Number of protein chains: 2
Amino acid sequence: MSKYWSPLTAALEPYIPGEQPKDKKYIKLNTNENPYPPSPNAMAAMADAINEDLRLYPDPNCESLVVALATRHGLQPNQIFVGNGSDEILAFAFASFFDPSKPVLFPDISYSFYKVYAKFYGITPKLIPLDEQFNIKVEEYVGEHGGIIIPNPNAPTAILISLENIKQLLEQNPEQVVIVDEAYIDFGGQSAVVLVDSYPNLLVIQTLSKSRSLAGLRVGFAFGSAELIEGLNRTKNSFNSYTLDRVALAGAVASIEDETYFVEMNAKVIATRERVVKQLEELHFLVTPSAANFVFISHRSIPAKQLFEQLRAEGVLVRYFDSPRIDNFLRVSIGTDEEMDAFVTALQKLTVQ
Amino acid sequence: MSKYWSPLTAALEPYIPGEQPKDKKYIKLNTNENPYPPSPNAMAAMADAINEDLRLYPDPNCESLVVALATRHGLQPNQIFVGNGSDEILAFAFASFFDPSKPVLFPDISYSFYKVYAKFYGITPKLIPLDEQFNIKVEEYVGEHGGIIIPNPNAPTAILISLENIKQLLEQNPEQVVIVDEAYIDFGGQSAVVLVDSYPNLLVIQTLSKSRSLAGLRVGFAFGSAELIEGLNRTKNSFNSYTLDRVALAGAVASIEDETYFVEMNAKVIATRERVVKQLEELHFLVTPSAANFVFISHRSIPAKQLFEQLRAEGVLVRYFDSPRIDNFLRVSIGTDEEMDAFVTALQKLTVQ
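Residues numbered from 1 in each chain as written. Chains lettered and ligands numbered in written order. Predicted model: local features only at pLDDT ≥ 70, side-chain atom pairs only at ≥ 80, totals over all residues. Heavy atoms only, no water.

1. A word on the overall build of chain A
To keep it simple, the criterion reads: Here a helix means four or more residues in a row that DSSP labels H or I, a strand means two or more in a row labelled E, and each is numbered from the N terminus. Between the two quantities, the radius of gyration covers C-alpha atoms and the globule rule is 2.2 Å times the number of residues to the power 0.38. Per-residue accessibility, obtained with a 1.4 Å probe over protein chains only, is compared with the maximum for each type, and a residue is labelled buried under 20%, exposed over 50%, and partly exposed between these values. Contacts are assigned to residue pairs that have any heavy atoms within 4.5 Å of one another. Per-residue and other accessible areas were derived by the Shrake-Rupley procedure at a 1.4 Å probe size, with only the shown protein chains allowed to occlude residues.
Broken down by element type, chain A carries eleven helices and 13 strands. Here the C-alpha radius of gyration of chain A, 20 Å, is about what a compact globule of 353 residues would show, namely 20 Å. Seen through its principal axes, chain A has C-alpha atoms that stretch 60 × 50 × 50 Å. The buried share among the 353 residues of chain A stands at 62%. Relative to all contacts within chain A whose residues are 6 or more apart in sequence, the contacts with residues 24 or more apart total 73%. Split by element, the accessible area of chain A, about 12,700 Å² in all, is 51% carbon and sulfur.

2. Considering the sheet that holds strand β10 (residues 294-299) of chain A
Residues and elements named next belong to chain A. The criterion, for reference: A pair of strands is considered paired only if DSSP assigns at least 2 bridges between the two. Lines are fitted to the C-alpha atoms to define the axes, a helix being fitted only along its stretch in contact, and any angle between axes, read from their N-to-C directions, falls within 0 to 180 degrees.
Strand order in the open sheet formed by four strands is β9-β10-β13-β12, and the pairing between neighbours is antiparallel. Both edges of this open sheet fall to β9 (285-287) and β12 (319-320), since each of them pairs with a single strand only. The pairing of β12 with strand β13 (residues 330-333) spans two bridges and is antiparallel. Residue pairing in the sheet places R319 in a bridge with R331 of β13. Contacts from helix α10 (residues 304-313) reach β9, β10, β12 and β13 within the one sheet, and its direction differs from that of β13 by about 40 degrees. Packing against the sheet, helix α11 (residues 337-351) makes contact with β9, β10 and β13, and its axis sits at approximately 150 degrees to β13.

3. Here's the deal with the relation of the copies chain A and chain B
The two chain copies are related to each other by a rotation about an axis together with a translation along it. Our working definition: Only residues with pLDDT of at least 70 in both copies contribute their C-alpha atoms to the least-squares superposition of the copies.
With an RMSD of 0.0 Å, the operation that places chain A on chain B is a rotation of 180 degrees combined with a shift of 0.0 Å along the axis. Between the two chains, the operation in question is that of a two-fold axis. Across chain A, the rotation axis passes nearest the C-alpha of A:A47, at a separation of 3.0 Å. Take the interface residues of chain A: 100% of them recur as interface residues in chain B, which is what a same-surface contact looks like.

4. Things to note about the packing of aromatic side chains
Quick note on the threshold: Each pair of aromatic rings taken from Phe, Tyr and Trp, with Trp reduced to its six-membered ring, is defined by centres within 6.5 Å and is described as stacked if the planes are under 30 degrees apart, edge-to-face if over 60, and tilted in the remaining cases. Should the NZ of a Lys or the CZ of an Arg lie within 6 Å of a ring centre and within 35 degrees of the ring normal, that charge is described as sitting over the ring.
Within the structure shown, the criterion is met by 43 aromatic pairs over all chains. Seen from their ring centres, B:F81 and B:F92 are 6.2 Å apart, and the 85 degrees between their planes marks the pair as edge-to-face. With B:F81 in strand β2 (residues 80-83) and B:F92 in helix α4 (residues 85-97), this residue pair connects regions lying eleven residues apart in the sequence. Neither residue differs from the other here; B:F81 and B:F92 are each classed as buried. Among the aromatic side chains, those forming a connected cluster through ring pairs are A:F81, A:F92, A:F120, A:Y121, A:F239, B:F81, B:F92, B:F120, B:Y121 and B:F239. Geometry around A:F294 places A:R331 over its ring, the cationic atom sitting 5.8 Å from the centre.

5. Details of the sheet that holds strand β9 (residues 285-287) of chain B
All names here are of chain B. Strand order in the open sheet formed by four strands is β9-β10-β13-β12, with antiparallel pairing between adjacent strands. The sheet is open, and its two borders are formed by β9 and β12 (319-320), each paired with just one other strand. The pairing of β9 with strand β10 (residues 294-299) spans three bridges and is classified as antiparallel. Counted as the bridge partner of L286 is S298 from β10.

6. Things to note about the pairing of strand β8 (residues 220-224) of chain A
All names here are of chain A. Within β8, five of the five residues are buried, which leaves the element mostly enclosed by the surrounding structure. In β8, alternate side chains face the same way, and those of G220, A222 and G224 on one face and F221 and F223 on the other are all buried. Bridging between strand β7 (residues 202-207) and β8 involves five bridges; their strand directions are antiparallel. Bridging from a neighbouring strand, L203 pairs with G224 of β8.

7. Re the confidence of the model for chain A
The predicted coordinates ought not to be read in detail in places where the model reports low pLDDT. To be explicit about the condition: Scored between 0 and 100, pLDDT is the confidence that the predictor attaches to each residue.
The share of residues in chain A with pLDDT of 70 or more is 99%, and the mean pLDDT across the chain is 96. Both scores are available for the predicted complex, with the pTM at 0.96 and the ipTM at 0.96.

8. A few points about the pattern of salt bridges
As a reminder of what qualifies: Between Lys or Arg on one side and Asp or Glu on the other, a salt bridge is scored when a side-chain nitrogen of the former is within 4 Å of a carboxyl oxygen of the latter.
Counting across every chain of the model gives 23 salt bridges over all chains. B:K167 is paired through a salt bridge with B:E164; the nearest N and O atoms lie 3.5 Å apart. Here B:E164 and B:K167 lie together in helix α6 (residues 163-172), a separation of three residues that amounts to about one turn. For B:K167, a relative accessible area of 27% puts it in the partly exposed group. Residues participating in the shared-partner salt-bridge network are A:R275, A:D337 and A:D341.

9. A closer look at the nonpolar core
Taken as a class, soluble globular proteins show a tendency for nonpolar side chains to be buried jointly. The cut-off we apply is this: Note on terminology: a nonpolar core comprises buried Ala, Val, Leu, Ile, Met, Phe, Trp, Tyr and Cys residues joined through side-chain atoms within 4.5 Å.
Judged by nonpolar contacts, the single largest core of 118 residues is most densely connected at A:L65 and B:L65. Setting aside residues no more than four positions away along its own chain, B:L65 makes contact with B:V82, B:V219, B:L244, B:L249, B:A252, B:V253 and B:I256.

10. Section: the interface of chain A and chain B
What counts is decided by this rule: Accessible-area loss on putting two parts together, using a 1.4 Å probe and summing over both, is the definition of buried area adopted here. The term polar contact refers here to a pair of N or O atoms within 3.5 Å; inside protein, the definition further demands a hydrogen-donor-capable atom paired with an acceptor-capable atom, and it admits residues adjacent in sequence only when both atoms are side-chain atoms. Polar here means any residue other than Ala, Val, Leu, Ile, Met, Phe, Trp, Tyr, Cys and Pro, which are nonpolar, and Asp, Glu, Lys and Arg, which are charged; Gly is therefore polar.
Each partner contributes residues to the interface: chain A has 86 residues there, and chain B has 86 residues. Of the roughly 7,000 Å² buried where chain A meets chain B, counting both sides, 58% is carbon and sulfur surface. Here chain A is connected to chain B by two salt bridges. Here chain A is connected to chain B by 46 residue pairs in polar contact (both at pLDDT 80 or more). Looking at the side of chain A that touches chain B, the elements that each hand over two or more residues are α1 (7-11), α2 (40-49), α4 (85-97), α5 (113-120), α7 (226-236) and α8 (246-257) of chain A. By residue class, the composition of the side of chain A that touches chain B is 45 nonpolar, 22 polar and 19 charged.

11. Considering the state of the cysteines
For clarity, the threshold we go by: What counts as a disulfide here is a pair of cysteine sulfur atoms lying within 2.5 Å.
Counted under the stated rule, the structure contains zero disulfides over all chains. In this structure B:C62 is a free cysteine whose sulfur lies 20 Å from that of A:C62, the closest cysteine sulfur available.

12. Here we look at the pairing of strand β3 (residues 104-107) of chain B
All names here are of chain B. Test applied: Look down the strands so they point away from you; if the path from the first strand over the helix to the second goes clockwise, the crossover is right-handed.
Examined bridge by bridge, β3 and strand β4 (residues 125-128) share four bridges and lie parallel to one another. Residue pairing in the sheet places F106 in a bridge with L127 of β4. You can see the chain leave β3, run along helix α5 (residues 113-120) and come back into β4, and the turn it takes is right-handed.

13. Quick word on the environment of B:L286
Residue and element names in this part refer to chain B. Relative to the elements of secondary structure, L286 occurs in strand β9. In the structure, L286 is positioned eleven residues away from I297 in sequence and 5.5 Å away in space, judged by C-alpha atoms. Aside from chain neighbours lying at most four places away, what touches L286 is F296, I297, S298 and F329.

14. Let's talk about the side chain of A:D258
Residue and element names in this part refer to chain A. To be explicit about the condition: Under the counting rule used here, the positive set is Lys and Arg, the negative set is Asp and Glu, and His together with the chain ends is not counted.
Its location among the elements puts D258 in the loop between α8 and α9 (259-282). For the buried residue D258, which engages in no salt bridge, the nearest side chain bearing the opposite charge is R212, 7.2 Å off. There is a polar contact of 2.7 Å between the side chain of D258 and the side chain of S39. The contacts of D258, once residues within four sequence positions are left out, are S39, N41 and R212.

15. Comments concerning the environment of A:F81
A relative accessible area of 2% places A:F81 in the buried class. Sequence spacing of A:F81 and A:V352 is 271 residues, and the spatial spacing of their C-alpha atoms is 50 Å.

16. So, the side chain of A:S2
Mapped onto the elements, A:S2 comes out in the segment before α1. Of note is the side chain of A:S2, whose polar atom sits 2.5 Å from the side chain of B:E227.

17. Details of the environment of A:G146
Residues and elements named next belong to chain A. By secondary structure assignment, the location of G146 is in the loop between β4 (125-128) and β5 (148-151). Residue G146 is classed as buried on the basis of its relative accessible area of 9%. Taking the C-alpha atoms as reference points, G146 and N173, separated by 27 residues in sequence, lie 10.0 Å from one another. Apart from the residues lying within four places of it in its own chain, the contact partners of G146 are F97, F98, D99, K102, P103, V104 and Q176.

See below:
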């Protein structure tokens, strides 16, 4: 604590990112990174962007990327916003659409950064409990409130809700913005981006960090009605006009345009996940139905915290959340087949008596 | 206006970046970019960073860059913060150190984004007028207030204040944070970074965009006491934990380590500036004393707005601010010798009857 901090900063409860260990080489299944490299076209485009033009500001409107996304999704450029990772877009969206005089609704178990954003903007969160099987109870997102945000598929549960459920959320709440955070949608879900033309209160947020293997590049994007996108731009231009650098812009455009590679790599991740789910079930794990590049698992008899520590000792990093309802679960990212074989082998050793 | 915007977003008055024209090729002296390319070492380091590791998150603490800056300035790593351009750091600093219940002091003529940040955070700005010669009146930055921010050298006036003046500001206001925005300090000023160890209320902000020729990379940094840096980190980690991508980090480290190139390029910009100032004075311009990579000029008889438009027609873009006190001035970035010769030739045609 410092006398120089503003009351806001003194009261913050910052997000703690997943561990990035430097002490030794781990099989790293703790931050939901993609095990495959980015599109070779994206890397070539980035290499091309390293030239003398770096002395010049980037395009603050990121037109090349907006147009590439508009083309891919059959939308207009004014329905698209891009930013420095989906986290930055979430931060702008909380400011742009959520009125601090009313509570904002999100699931009791979801991305832990939502509470942090709420605190930053003085917004009261109203946590809507998932049901016993960790499903989002769509019918409970009603009443007097200032907006809704849900991850789909949810994190860390990995569970998807249907487009019909998203429509229900939008129709139940025509006066409030509904943000659907689709960081993991490409691993088995259907994106709500197809609803953007029909619902002016829908904002869909995606990222290059997971299905595009570009966590290291910091690029995210949002789809919504022109009025929502204009709101995001007003906020961005009151905070930082140039959020994407020239190299990131070039890489992002080439990644979006490389549909073939994208489809192929996601299919590999999904195939590995399906195989591993079966193995985990054979090892007496409860595995929630996953539409993400991670699985959320709980062993029938061995406490998750113990397994988390034992796996770490075996050189495998997974994520453990010491939080109510999920403190007997582990979140495990889907790595390569070799990494997952090593993970399953370690679990066999730890769980089979 | 949209019913979905928060009251905050509806009330914002966003910043408007300098024009980045696409209609034709201009001599671009309007956004204070450096005319010389970035350090070749920086470009080589960026090229090296384009590899499969882009699938992984970057280091959220940006340790490599923090250590490079600490080494260069003889500071501890906990006295350094880095971010996505100095604009982002300014946005975090306004949140971290300025209490919205009190006015924040800055010069009536200064970086126009300060007012935008104040609006974003609900802070009331108290503008302290520059004197007749556009000097900052240090003695007037006193009384009941929530903090101070000044650019040094000031923009768009280009005028420097001394380290003695900065010390006076700090000593007059021991209970408030004083932010010195040194975007242009490397073109002739002495940085207040040497005062960081002595004044816990000092935050110095710099950027790679000007003297390092990396406007296209979006990297800035701040120097201050450990408690101020911790405050910035609390805010950042409540907004976006991973603001710098892997390529930007690599390029920034190599740029900071290439002192020889940095010194050489800045000397070239300064030499060109000094030569051009003489030519402008011969053409009957008032030129404020510049310690920046731009000059702030006013012609004895021809209105600035007219010259701005005529220069544009001649293919030379400069910046004109239609604001009180400075609406008869032009801000002109220092380009290459060839670009400045073309600029002076155009002015000769326009001003010599």
